[in-house]
Amino acid sequence: RQPAPPQQLENKVLDKRRLQELVKEIDPLEQLDEDVEEMLMQIADDFIDNVVTASCLIAKHRKSNTVEVKDVQLHLERSWNMWIPGFGSEELRP
Amino acid sequence: AGQLRSCHDENFLHSVPLRSKINAIAKKHGLDDVPSQVVSLISHATQERLRNIVEKLANIAEHRLEIYKA
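Below is a summary of the structure that appears in this document.

Rules used in this analysis
Residues numbered from 1 in each chain as written. Chains lettered and ligands numbered in written order. Predicted model: local features only at pLDDT ≥ 70, side-chain atom pairs only at ≥ 80, totals over all residues. Helix = DSSP H or I, 4+ residues; strand = E, 2+ residues; numbered from the N terminus. Buried ≥ 20, exposed ≤ 12 C-beta atoms within 10 Å, placed from the backbone. Contact = placed C-beta atoms within 7 Å. Nonpolar A, V, L, I, M, F, W, Y, C, P; charged D, E, K, R; others polar. Core = buried A, V, L, I, M, F, W, Y, C linked by C-beta atoms within 7 Å. Expected span 1.5 Å × (residues − 1).

## Details of the overall build of chain B
Part 1 of the reasoning: Of the regular secondary structure elements, chain B holds 2 helices and 0 strands.
Part 2 of the reasoning: The buried share of chain B, reckoned over its 70 residues, is 29%.

See below:
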């Protein structure tokens, strides 16, 4: 089995410590295989690519030069059935 | 835009490499650099995505063990 490549902390968006913290939050007794960790990092990378690319297309569709929160939210809701609270939604204002 | 969150909000992903990754994709599409709220939102969404998967994995792993116990 190939040894894991050295962590390039400055380039990686996610490090294994954060991933392990997330796992501990879900189930304190759960442990991840190293292969699974690598795969989750890859999934995170692919997810970011997918969301950013789709959000760029939505921003271009409304003829804007900048990706805004609403572009990302639209894609997250429609394609991932995901709503992240606390990002510029008017209905939360007092 | 005012910040509505009252608790300290530390990004799950490392902001600097995440921001450059996002800006690189935006640039490829001829768009400007993205606002930091977008970077933060994508960090939260990625955390949510991984949380969903790990929850399912924990469940599946438990079932796998039950087969051997039976």
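## Re the overall build of chain A
Part 1 of the reasoning: Across its full length, chain A carries 3 helices and 0 strands.
Part 2 of the reasoning: Expressed as a percentage of the 94 residues in chain A, the buried residues total 21%.
Part 3 of the reasoning: Considering only residue pairs separated by 6 or more positions, chain A has 21% of its internal contacts joining residues 24 or more positions apart.

## Brief notes about the interface of chain A and chain B
Part 1 of the reasoning: Contact with chain A, which involves 36 residues of that partner, is made by 33 residues of chain B.
Part 2 of the reasoning: Mapped by element, the contributors of at least two residues to the side of chain A that touches chain B are helix H1 (16-26), helix H2 (34-61) and helix H3 (69-80) of chain A.
Part 3 of the reasoning: At 12 residues, the largest contribution of residues to the side of chain A that touches chain B is made by H2(A).
Part 4 of the reasoning: Here the residues of the side of chain A that touches chain B are counted per class, giving 22 nonpolar, 6 polar and 8 charged.

## Quick notes on the nonpolar core
Part 1 of the reasoning: Among the nonpolar cores identified, the biggest contains 30 residues, and A:Val51, A:Val67, A:Val72, B:Ile22, B:Val38, B:Leu41 and B:Ile42 are the most heavily contacted of them.
Part 2 of the reasoning: Looking at this core, the elements that each hand over two or more residues are H1, H2 and H3 of chain A together with helix H1 (15-28) and helix H2 (36-69) of chain B.
Part 3 of the reasoning: When near neighbours in sequence (up to four residues on either side) are disregarded, B:Ile22 contacts A:Val52, B:Val34, B:Val39 and B:Ile42.

## Observations regarding the environment of B:Val54
Part 1 of the reasoning: As for its position among the elements, B:Val54 is in helix H2.
Part 2 of the reasoning: Note on B:Val54: 20 C-beta atoms within 10 Å, which makes it buried.
Part 3 of the reasoning: Once residues lying within four places of it in the same chain are set aside, the contact partners of B:Val54 are A:Leu22, A:Val23 and A:Ile26.

## Some remarks on H2(A)
Residues and elements named next belong to chain A.
Part 1 of the reasoning: A rise of 1.5 Å per residue sets the reference length of H2, with its 28 residues, at 40 Å; its end C-alpha atoms lie 41 Å apart and thus fit the reference within 8%.
Part 2 of the reasoning: Looking at H2, one finds that the buried residues are Leu 40, Ala 44, Ile 48, Val 51, Val 52, Ser 55, Cys 56 and Ala 59.
Part 3 of the reasoning: Trailing H2 by a residue or two, Lys 63 shows a phi angle of about 55°, which is positive.

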